[in-house]
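Observations on the model geometry
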Amino acid sequence: MIRVVVVDDQLVMREGLVALLDLADDIEVVGSAGTGSEALELVTSVAVDVVLMDLRMPVMDGVEATRRISAAHPDLAVVVLTTYSDDESITTALQAGARGYLTKDAGRAEITAALRAVAAGQSTFDAAVSRRLVAALATPAPPPAGLTAREAEVLTLIARGLANADIAAALFIGETTVKTHINNLFAKIGVRTRPEAIRYAYSSGIVAP
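Residues numbered from 1 in each chain as written. Predicted model: local features only at pLDDT ≥ 70, side-chain atom pairs only at ≥ 80, totals over all residues. Heavy atoms only, no water.

1. As for the pairing of strand 4 (residues 77–82)
Our working rule: A simple rule labels every residue: compare its accessible area, found with a 1.4 Å probe on the protein chains alone, to the largest value its type can have, and call it buried under 20%, exposed over 50%, or partly exposed in between. By the criteria applied, helices consist of DSSP H or I runs no shorter than four residues and strands consist of E runs no shorter than two, each listed in order from the N terminus. Whether a crossover is right-handed comes down to one check: with the strands pointing away from the viewer, does the path from the first strand over the helix to the second run clockwise; if it does, it is right-handed. One bridge is not enough; two strands pair if DSSP finds at least two bridges between them.
Where burial is concerned, most of strand 4 is hidden: six out of the six residues are buried. Of the two faces of strand 4, the one lined by A77, V79 and L81 and the one lined by V78, V80 and T82 are each fully buried. At this point the chain moves from strand 3 (residues 50–53), through helix 3 (residues 62–72), to the parallel strand 4, and the crossover so formed is right-handed. Strand direction decides the pairing type here: strand 4 and strand 5 (residues 100–103), joined by four bridges, are parallel. Paired with T82 across the two strands is T103, which belongs to strand 5.

Quick look at the structure:
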């Protein structure tokens, strides 16, 4: 069973999600919360595999709650479920540690599939979010330092704070392939660490400030 905590400040939405998830044979809702702070307390008191997290909430928003949960419970996956699909919301949630991002027009099948995916160690995004991530890869000039177009895409997503698994999900490629691209582009631009690569991405103009 995949043990899930549902976090949403709207009671009707929260109860609806609980009822929806209870229809799945392999998912058990072990708790629900209306704020990020309540979610933090809950995940320390019950065994949880996945948190289904809203973003805009009082007291503590979903981004800060995701950041704290990811730091304190690295084996616990967070899937964002929100009405917001703008670049800032997506980027801050992923940088905070979210392993999935869905908008609230997602259906039961898509939500349950996302919970199963992150519980298995994968990342997942709905179609609208994937399109925003891919659209963010547009570069103003040909990639420098002999980078291929794909290597430039990977470097752009690194600069936006995405982990290897998230890059793989956004580009629909395997995580091993992502690691290969990273090794190749690091060698081409002469860096050894992600912070160095991020500085290069901004200084070279691959990513706009």
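2. With respect to the sheet that holds strand 1 (residues 2–7)
Heads up, the condition is: Any two residues whose heavy atoms approach within 4.5 Å at even a single point are treated as in contact. Every axis in this analysis is a line fitted to C-alpha atoms, fitted for helices over the stretch in contact. Angles between the N-to-C directions lie between 0 and 180 degrees.
The six strands are arranged 2-1-3-4-5-6 in an open sheet whose pairing can be described as parallel. Because the sheet does not close on itself, it has two edges, and the strands there are strand 2 (27–33) and strand 6 (124–125). Where helix 2 (residues 36–45) meets the sheet, it contacts strand 1, strand 2 and strand 3, and its direction lies at approximately 135° from that of strand 2.

3. With respect to the packing of helix 7 (residues 149–159) against helix 10 (residues 194–203)
To be explicit about the condition: Angles are sorted into four bins: roughly parallel if under 35 degrees, roughly antiparallel if over 145, roughly perpendicular if 65 to 115, and oblique for all others. Each residue gets one label: Ala, Val, Leu, Ile, Met, Phe, Trp, Tyr, Cys and Pro are nonpolar, Asp, Glu, Lys and Arg are charged, and the others, such as Gly, are polar.
The geometry of helix 7 relative to helix 10 is characterised by a closest axis approach of 9 Å and an angle of 110° between their N-to-C directions. Classified by the interaxial angle, the pair formed by helix 7 and helix 10 is roughly perpendicular. Counted together, L155, I158 and A159 of helix 7 and R194, A197, I198, Y200, A201 and Y202 of helix 10 form the full contact between these two elements. Classifying every residue of the contact of helix 7 with helix 10 gives eight nonpolar, no polar and one charged.

4. Things to note about the packing of helix 7 against helix 8 (residues 164–171)
This is how it is decided: Rotating anticlockwise by less than a right angle from the far helix to the near helix defines a left-handed crossing, while the corresponding clockwise rotation defines a right-handed one.
Two numbers describe how helix 7 lies on helix 8: the axes approach to 10 Å, and their chain directions differ by 130°. Taken together, the axis directions place helix 7 and helix 8 in an arrangement best described as oblique. When you trace helix 7 past helix 8, the crossing you get is right-handed. Together, R150, E153, V154, L157 and I158 of helix 7 and I167, A170 and L171 of helix 8 make up the contact between the two elements.

5. Focus: the layout of surface pockets
Put simply, the rule is: A 1.4 Å probe that fits but cannot get out identifies a cavity on a 1 Å grid over protein atoms alone, an open set with protein on both sides within 12 Å along at least five of seven lines counts as a pocket, and a residue lines either if it has an atom within 4 Å of a point. Grid points are joined across faces, edges and corners, and a volume is the space filled by probe spheres set on the points.
Within this model, the largest pocket holds a volume of roughly 150 Å³. If you go around the largest pocket, you meet 13 residues; those closest to its centre are P74, D75, L76, A77 and R99. Classifying every residue of the lining of the largest pocket by side-chain character gives six nonpolar, four polar and three charged.

6. A short note on the nonpolar core
Keep this limit in mind: Side-chain atoms within 4.5 Å link the members of a nonpolar core, which is a set of buried Ala, Val, Leu, Ile, Met, Phe, Trp, Tyr and Cys residues.
Core analysis: the biggest nonpolar cluster contains 35 residues, and Y101, F125, L133, L155 and I167 have the highest contact counts within it. Residue assignment for this core shows that the elements contributing at least two residues are helix 4 (87–96), helix 6 (127–135), helix 7, helix 8, helix 9 (175–189) and helix 10. In this structure, Y101 is in contact with L55, V80, T82, Y84, S85, S89, I90, A93, T124, F125, D126 and V129, ignoring residues within four places of it in sequence. Among the nonpolar cores identified, the runner-up in size contains 19 residues, and L81, A106, I111 and A114 belong to it.

7. A look at the pattern of salt bridges
Filter applied, for reference: Salt-bridge detection follows one rule: a side-chain nitrogen of Lys or Arg within 4 Å of a carboxyl oxygen of Asp or Glu.
Overall, the coordinates contain nine salt bridges when judged by the stated rule. When the shortest N-O distance is used, the salt bridge between K104 and D54 registers 3.5 Å. Here the residue K104 occupies a position in the loop between strand 5 and helix 5 (108–119), and D54 occupies one in the loop between strand 3 and helix 3, the gap between them amounting to 50 residues. Overlapping salt bridges bring together D8, D54 and K104 as one network.

8. Considering unusual backbone geometry
Notably, V59 is not glycine yet its phi reads approximately 70°, a positive angle. Inspection of the secondary structure assignment puts V59 in the loop between strand 3 and helix 3. Residue F172 is not a glycine yet carries a positive backbone phi of 60°. As for its placement among the helices and strands, F172 is situated in the loop between helix 8 and helix 9.

9. Some thoughts on the pairing of strand 5
With burial as the criterion, each face of strand 5 is covered, one bearing G100 and L102 and the other bearing Y101 and T103. As paired strands, strand 5 and strand 6 are joined by two bridges and run parallel to one another. Following the sheet pairing, G100 is matched in strand 6 by T124. The handedness of the strand 5 to strand 6 crossover, carried by helix 5, is left-handed.

Note that every value here comes from positions in space, so none of it alone points to a role or purpose.
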